Every structure is written in C-alpha cells, then in structure tokens.
Amino acid sequence: MVGQAAQQKRPTRWHILVFLAPALLVYTAVMIIPLFGTLQLSLFNAAERVRYFAGLENFRTLFFDPRWSASFWNALWNNTWFFIIHMAVQNPIGIGLAALLSSPRLRFSAFYRTAIFIPTILSFVIVGFAWKLILSPLWGVAPNLLDLVGLRSLFTPWLGKEEYALTTLGLISVWQFVGIPMMLIYAALLSIPDEVIEAAECDGITGMAQFWKIKLPLILPSIGIISVLTFVGNFNAFDLIYSAQGALAGPNYSTDILGTFLYRTFFGFQLQTGDPYMGSTIASMMFLIILTGVCVYLFAIQTRLRRYQF
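Residues numbered from 1 in each chain as written. Predicted model: local features only at pLDDT ≥ 70, side-chain atom pairs only at ≥ 80, totals over all residues. Heavy atoms only, no water.

(A) Focus on the pairing of strand β1 (residues 44-47). Inspection of the sheet shows β1 paired to strand β2 (residues 50-53) by four bridges, in the antiparallel sense. Along β2, the bridge assignment pairs Ala46 with Arg51. What sits between the antiparallel neighbours β1 and β2 is a turn of two residues, in which Glu48 has the positive phi angle 55°. (Pairing = 2+ DSSP bridges. Helix = DSSP H or I, 4+ residues; strand = E, 2+ residues; numbered from the N terminus.)

See the structure below:
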C-alpha cells in the first residue's frame, strides 16, 4: 500500500516532453516527413504527365534496365571504394595520431590537435576547388613542389585520369576529415581509468605493447562508432565530388557516386531532364544501404564489442 501511494504521488515529468518537443518537431519536419515522402514517391511513376502507382517497377528498372543499371552499379562500386579508402587510410591514421597525441610526454600536443582538426571545419567547396588548383598540371603547385625534391617524374594529372581520380579525391577527403576519428579516439583514450594504466605498468606493459594489449581493446566500441559514422558519411557523400569534378563526375563518370548520380537524375543536368520518380528510387536505395549497414553494426558488431566496456 505504501509503494502504491508513493507511485500515485510521484509527479509527472511534463518538462521533459516540453524540452524535447521543439527538437522532435524540427527533426520530424526536416527528416522524417521528407524521408517517407521520398520512399512513397519511389513507388510511383508518370506516363503522359499522369501519375500512377508503379510498385517496385522503378527498382527493377534501376537494377536491370541497361539505361540505368550500368550507371547505378558504377556509382555503387565507386561509393564502396570511397568508403574502403576512408576505412583503410583515414581511421588507422586517426587512431595512430590519437595514440601519439595522448602521450603525456609529447610537447605542444594541443597545437598539433588544432592543426590537424582545422581542415575539418573548412567548406567542401573550398577544399575541392583548392585541391583542384594544387593538382592542376597547368597552374598547380604540385609539379613545382615535386620538382624541388627531384620527383617531378612522379607527377601526373591525378584528377584527370580515370584510374586515379576517385582514389585522389578519397585521399583529399581523408586529409580533410582525419581530425574527426583522431579527436574521438583521443577522447576515448583519455577516458581510460588511470588505475588500469598503472596496473599495466606494474606488470611491465609499457609503450606500444600497452597500447595494443590494454588501450586498444578498451577503445574498440569507439572505433566501432567511428566506423559506422564513416560508412554513413561516405554513402551520403556528394559535396567534394561535385565541387572538384562537377555533376558529371568526370573523367568519364569515373568519380560518379550515388550522391552525384542522384543529383543528375532528380534535378536533371544539361540536356538530361530531371526524373523525380527515379531520383527518389536512387535516394531510397541509398537509405536502404545505409540502414542495412547501421543494423549490421548495431546487432552483429556492437553486441560483441560490449564485452570490452567497463
């Protein structure tokens, strides 16, 4: 009876709903409603300006129609390669930089962290245009810099060759965003209790052995979060490719990713007429790919990483 009376007297915390309501309303208006609108639009098509329900016909066209499938699979593979570059280059470098900067014996670590993180806050347009100028074979500074160290023969128009353009843009993106995994891992390393480090030192585990045997297993959940953020960010990528290579993602669509493919399809470009129905289909596929990747992380990977948490 006493417990029931206490529950009845417990006040309803309406202030929580009041504080959350503005954010929920904005998120719903900006994200949820457009998302469901896009998914709905992908199930329709138009013939002679008459809209009709097409079901999954647009997806079948995207996958199997030669007019669409070649561009879609090319963009999907390019997006996958773009993601692989970030996972194989950006995140390991970010982890290594965080491990170095977390050392208490390193001087001016705050300056290094700031210098590495500054490119992250730069605009995509500025980064894309600046690197396009730097790597230009006509007026860029890259040929002259390589000439100063006797490596002029290694220079090639990396953004102008199909086999190098996408990888070059991926490395430019790595340069811009390596500060994000660095700061996240740096924060995770600082959150490790001093007692754990002291116990490892008492057992004679120091230096790199301490990082591999003690610190790395403890920051695996943070590495998992960085990996899924990298996945989501790369499959939403658009700005850098567009600013550096344009909507056609040249040369010869070698840098075309799902974002630029969606842009050309939905809004149209040059002589190509925009198709909102197929554009919504591409956007829906991007959403499903990202949703699948996030679900795999949440239900297959994160559950295994929890054993390393305190």
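(B) Structural context of the packing of helix α4 (residues 66-101) against helix α14 (residues 258-267). Running from amino to carboxyl end, α4 crosses α14 at an angle of 145°, the nearest separation of the two axes being 8 Å. Taking contact as the criterion, the partners of Trp68, Ser71, Phe72, Ala75, Leu76 and Asn79 in α4 are, on α14, Leu258, Gly259, Phe261 and Thr265. Across the contact of α4 with α14, the residue classes break down as six nonpolar, four polar and no charged. (Axes fitted to C-alpha atoms, helices over the stretch in contact; angles between N-to-C directions. Contact = heavy atoms within 4.5 Å. Nonpolar A, V, L, I, M, F, W, Y, C, P; charged D, E, K, R; others polar.)

(C) View of the nonpolar core. In this structure, Leu62, Phe72, Leu76, Phe235, Leu258, Phe261 and Ile289 are the most contacted members of the largest nonpolar core, which totals 17 residues. Within the residue set of this core, elements represented by two or more residues are α3 (57-64), α4, α12 (220-235), α14 and α15 (276-305). Examining the composition of this core, we find that six residues originate from one element, α15, more than from any other. Discounting residues that sit within four places of it in the chain, Ile289 has contacts with Leu76, Phe231, Phe235 and Leu258. (Core = buried A, V, L, I, M, F, W, Y, C linked by side-chain atoms within 4.5 Å. Buried < 20%, exposed > 50% of the residue type's maximum accessible area, 1.4 Å probe, protein only.)

(D) Seen up close, the environment of Val174. Tracing the backbone shows Val174 in helix α8 (residues 162-177). Counting along the chain gives 107 residues from Val174 to Thr281, while the straight-line C-alpha distance between them is 29 Å.

(E) How the structure looks around the packing of aromatic side chains. Applying the stated criterion across every chain yields a total of 20 aromatic pairs. Where Phe44 meets Phe53, the ring centres are 5.5 Å apart and the plane angle is 80°; that geometry is what we call edge-to-face. When its relative accessible area of 18% is taken as the criterion, Phe44 is described as buried. For Phe53, a relative accessible area of 56% puts it in the exposed group. (Phe/Tyr/Trp six-rings, centres within 6.5 Å; stacked < 30°, edge-to-face > 60°.)

(F) Region of the structure containing α12. With 16 residues, α12 ought to run about 22 Å at 1.5 Å a step, and its terminal C-alpha atoms sit 23 Å apart, in line with that. All of the buried residues in α12 are Pro221, Ile223, Gly224, Ile226, Val228, Thr230, Phe231, Asn234 and Phe235. (Expected span 1.5 Å × (residues − 1).)

(G) Representation of the pattern of salt bridges within the structure. Enumeration according to the criterion identifies three salt bridges in this entry. We note a salt bridge from Arg60 to Glu57, for which the minimum N-O separation is 2.9 Å. Here Arg60 pairs with Glu57, and both are found in helix α3, just three residues apart, close to one helical turn. The exposure class of Arg60 is partly exposed, given its relative accessible area of 43%. Where Asp256 meets Arg264, a salt bridge forms, and the shortest distance between an N and an O atom there is 2.8 Å. Residue classification places Arg264 among the buried positions, given a relative accessible area of 5%. (Salt bridge = Lys/Arg side-chain N within 4 Å of Asp/Glu carboxyl O.)

(H) Representation of unusual backbone geometry. In the segment running from Gly250 into Pro251, the intervening peptide bond is cis, with an omega of 0°. One non-glycine residue, Ala249, lies in the positive phi region at around 50°. Checked against the element boundaries, Ala249 lands in the loop between α13 (239-245) and α14.

(I) Local environment of a nonpolar patch on the surface. Together, Phe117, Ile118, Ile121, Leu122, Trp175, Ile180, Leu184, Ile225 and Leu229 give the surface a local cluster of nonpolar side chains, amounting to about 780 Å² of exposed area. Listed by contribution, the elements that provide at least two residues to the nonpolar patch are α9 (179-190) and α12. You can see Leu229 is positioned in helix α12. (Patch = residues over 30% accessible without salt bridge, like charges linked within 9 Å, V, L, I, M, F, W, Y side chains within 5 Å. Areas by Shrake-Rupley, 256 points an atom, 1.4 Å probe, with all protein chains shown as cover.)

(J) Broad picture of the packing of helix α11 (residues 207-218) against α12. It is at 4 Å that the axes of α11 and α12 come closest, and there the two elements cross at 55°. In this view, α11 runs oblique relative to α12, as classed from their interaxial angle. Contacts between α11 and α12 involve Leu216, Pro217 and Leu218 from the first element and Leu220, Pro221 and Ile223 from the second. Considered class by class, the residues forming the contact of α11 with α12 number six nonpolar, no polar and no charged. (Parallel < 35°, antiparallel > 145°, perpendicular 65-115°, else oblique.)

As far as function goes, none of this settles anything; it's purely spatial.
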